[in-house]
Amino acid sequence: MRLLVLGGTKNLGRHVVEAALRDGHEVTLFNRGTTNPGLFPEVRRVTGDRADPSDLAAGEWDCVIDLSGLLVRDVRLSAEVLRDRVGRYTYMSSIAVYADRTTPGQDESGALLPWPVDAPDNEFTMDLYGPSKVRCESLLAATFGSRMAAVRSGFVVGPYNPDFGNWGTALAAGNRMESAAPPSQPVQYVDARDLADFLLLELSGPYNVVGPTRTMAELAAAWRSVVPDPAPMDWAPAVDRFHLNDEGLFQLDNRRALAAGLRLRPDEESARDYVAWVQDGNIPPDPPH
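Residues numbered from 1 in each chain as written. Predicted model: local features only at pLDDT ≥ 70, side-chain atom pairs only at ≥ 80, totals over all residues. Heavy atoms only, no water.

Asker: I keep staring at the overall build of the protein and nothing clicks. Help me out?
Answerer: Looking only at helices and strands, the protein has eight helices and 11 strands in total. A compact globule built from 289 residues should have a C-alpha radius of gyration of about 19 Å, and the protein, at 19 Å, falls within 12% of that. A total of 289 residues make up the protein; the buried ones form 51% of that total. The contacts of the protein with a sequence gap of at least 6 include a subset with a gap of at least 24, amounting to 75%. Of the roughly 12900 Å² of accessible surface on the protein, a fraction of 50% belongs to carbon and sulfur atoms. Once the 28 positive and 40 negative side-chain charges of the protein are each reduced to a mean point, those two points are 3 Å apart. (Helix = DSSP H or I, 4+ residues; strand = E, 2+ residues; numbered from the N terminus. Rg over C-alpha atoms; globule rule 2.2 N^0.38 Å. Buried < 20%, exposed > 50% of the residue type's maximum accessible area, 1.4 Å probe, protein only. Contact = heavy atoms within 4.5 Å. Areas by Shrake-Rupley, 256 points an atom, 1.4 Å probe, with all protein chains shown as cover. Lys, Arg positive; Asp, Glu negative; His and termini not counted. Charge placed at Lys NZ, Arg CZ, Asp CG, Glu CD.)

Pasting the structure below:
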């Protein structure tokens, strides 16, 4: 497959490119060339900015995976340029698109957040994160129809990724794991490698790409099990950081993604690999603010 990746040199993007090369796909990267520019010297690179994707107007690809589509303006411009140049458009979205954050078991048909009147389409604020993802999904669906997929994930765990990096770092050093959520808090995540493999599938429509729901206590027990004699869990920092009124977002229905080919590795494998990655001298990136 001729694959165009928008982004591709940090966090999840590294796993996507690694998986694509492993599977023998022909990869082109489009990014500014400022983040880890030495990665993947064997792939074709097109250096440019999302605000001006005109350099992509000369190519053709079977699929584009959009990992950096945050601003509505940028995604709209990419859609205009790539409308007749790609077979499929797979957009990395978020579970933050859902308007109902309290009801467990929602599938992809759940109500989505509205786009605020007069909101700018070329600026980012955390308040606009969910609505921007909804807006981007909508304009891509209008442009590509059934050739478009929206992959909605929440926490993404694994090497190069920030989520649960504090747990991996603590276990690697033999320190106590801290949690900013109480033991009973529901949580879902997906390993970055499993998400990368899913993004390479032939997809159409929206998908909740999340693992099974478990409590923070259950997840902590799985992670602590991968090291001998782990330090006791520290629940003292648990505060309302994860917004307990958002429990519905951590109990989403993932059956559509599983039916489409999502494969999920055990929590223990994710934890063990993260700890080994840190022990090899790597430092998890800071989470976004």
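From this point, the narrative continues.
Asker: What should I look at first to understand helix α6 (residues 216-224) in this one?
Answerer: Three or four residues apart is the spacing at which side chains of an α-helix point the same way, because the helix has 3.6 residues per turn. Within the sequence span of α6, burial applies to Met216, Leu219, Ala220, Ala222 and Trp223. Summarising the axial view, the buried residues of α6 lie within an arc of 160°, below the 170-degree limit, and thus occupy one face. Tucked inside the fold, the buried residues of α6 contact β7 (155-157), α4 (165-173), β8 (186-187), β9 (189-191), β11 (214-215) and α8 (267-279). (Arc of directions from axis to C-beta.)

Asker: Is there a simple way to think about the nonpolar core in this case?
Answerer: As a rule of thumb, nonpolar side chains are buried together in soluble globular proteins. Within the largest apolar cluster, 30 residues are counted, with the highest numbers of intra-cluster contacts made by Leu195 and Val209. Those elements that provide at least two residues to this core are β1 (2-6), α1 (12-22), β2 (26-31), β4 (61-66), β6 (148-153) and α5 (192-199). Phe155, Ala170, Leu219 and Val275 belong to the second-largest nonpolar core, a separate cluster that totals 24 residues. (Core = buried A, V, L, I, M, F, W, Y, C linked by side-chain atoms within 4.5 Å.)

Asker: What should I look at first to understand a nonpolar patch on the surface in this one?
Answerer: A surface patch of nonpolar side chains, amounting to about 260 Å² of accessible area, comprises Leu70, Phe124 and Met126. The residue Met126 is located in the loop between β5 (86-94) and α3 (129-144) in this model. (Patch = residues over 30% accessible without salt bridge, like charges linked within 9 Å, V, L, I, M, F, W, Y side chains within 5 Å. Salt bridge = Lys/Arg side-chain N within 4 Å of Asp/Glu carboxyl O.)

Asker: Please explain the sheet that holds β4 as it appears in this structure.
Answerer: Paired through their backbone hydrogen bonds, the strands of a sheet run either parallel or antiparallel. Spatially, the seven strands line up as an open sheet ordered β3-β2-β1-β4-β5-β6-β10, and their pairing is parallel. A strand with exactly one partner marks an edge of an open sheet, and here the two such strands are β3 (44-47) and β10 (205-208). When the angles between neighbouring strand axes are averaged without regard to direction, this sheet yields 20°. Sheet topology places β1 next to β2; five bridges connect them, and they run parallel. Its bridge partner being in β2, Leu6 is matched across the sheet by Phe30. The strands touched by α3 are β5 and β6; relative to β5, the strand with the most contacts, the crossing angle is about 165°. Packing of α5 onto the sheet brings it into contact with β4, β5, β6 and β10, and relative to β6 it is tilted by some 170°. (Pairing = 2+ DSSP bridges. Axes fitted to C-alpha atoms, helices over the stretch in contact; angles between N-to-C directions.)

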